[in-house]
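These are the residues of each chain, in order.
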Amino acid sequence: MKQNIYDDEKFFNQYEELRNEQKDKNANDLIEIPNFRKLMPDVTNKSILDLGCGYGENDKFYIEQGAKYVLGTDISKKMIEKANEINKIDGIEYKVIAMEDISSIDKKFDVIISSLAFHYIKDFDKLINDCYKLLNNDGYLVFSQEHPFTTCIKYTENVKKGHTVIDNKYFGLFSDYNRPRRKN
Ligand SMILES: C[S@@+](CC[C@H](N)C(=O)[O-])C[C@H]1O[C@@H](n2cnc3c(N)ncnc32)[C@H](O)[C@@H]1O
């Protein structure tokens, strides 16, 4: 059974709040995006497949960097709607496709990217094999996935914030990381 938590209205809105209201202060903007982009090869004239593209902001960025085509895919209809609304420019297509189903894609790509989405997949070996089949020779797969730090916080009042501010410095709240417990 595939999970699709981002099509849940409440979760989608909370994610939007994290990405927009904490813009430039959340872990995506501070850590993941700059480090991911450092790992990327030159994308000039390259075709790119983005798995779990979310709003598609990376896809727009790589077209602006000279990529010739980007296919952004996501399991969430809400995410794809939003991507079409805010990050659709020439050279990009967005499609609702789950990572579990990418073997149905009938194109090959020079680069496959995935930011913070692989941790949703149970069968990692299948995903990597499917990616391999979708890559041209000498292609690249660049991905990041979420560290369990991110979801370790037990108390909901902390989950809403995820950080505390002392002397204008941002501190993540990871106090529950070593606390053994069952997933709810
Ligand atoms: C944390 S968001 C990251 C979005 C985007 N890559 C970014 O970095 O801005 C994770 C994304 O993965 C998508 N996702 C989760 N499970 C998926 C699956 N099985 N197949 C495709 N997309 C999935 C979610 O819908 C969501 O858009």
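Please refer to the structure placed before this passage.
For clarity, every value in this text was computed on a predicted model and none was experimentally measured.

(A) Geometry of the site of the ligand. Taken together, 21 residues surround the ligand, and among them Gln 3, Gly 52, Asp 74, Met 99 and Glu 100 come closest. At 3.2 Å from a nitrogen atom of the ligand is found a main-chain nitrogen or oxygen belonging to Ile 75. Separating a nitrogen atom of the ligand from a side-chain N or O atom of Glu 100 is a distance of 2.9 Å. When the ligand is considered free in solution it has 590 Å² of accessible area, and contact with the protein chains removes 97% of it.

(B) Quick peek at helix α2 (residues 27-39). Relative to the 18 Å expected for 13 residues at 1.5 Å per residue, α2 spans 17 Å between its end C-alpha atoms, a close match to the ideal helical length. The set of residues buried in α2 consists of Asn 28, Asp 29, Glu 32, Ile 33 and Phe 36. Buried-residue contacts for α2 involve α1 (9-21), α3 (57-64), β4 (109-115) and β5 (135-144).

(C) Representation of the environment of Asp 130 in the model. Topologically, Asp 130 is positioned in helix α5 (residues 124-134). In sequence terms Asp 130 and Asp 176 are 46 residues apart; their C-alpha atoms lie 35 Å from each other. When neighbours within four sequence positions are excluded, Asp 130 is seen to be in contact with Ile 102 and Ser 103. One polar contact links Asp 130 to Lys 126, side chain to side chain, over a distance of 2.7 Å.

Calculation criteria
Residues numbered from 1 in each chain as written. Predicted model: local features only at pLDDT ≥ 70, side-chain atom pairs only at ≥ 80, totals over all residues. Heavy atoms only, no water. Near = heavy atom within 4 Å. Polar contact = N/O pair within 3.5 Å; in protein donor to acceptor, adjacent residues only side chain to side chain. Areas by Shrake-Rupley, 256 points an atom, 1.4 Å probe, with all protein chains shown as cover. Helix = DSSP H or I, 4+ residues; strand = E, 2+ residues; numbered from the N terminus. Expected span 1.5 Å × (residues − 1). Buried < 20%, exposed > 50% of the residue type's maximum accessible area, 1.4 Å probe, protein only. Contact = heavy atoms within 4.5 Å.

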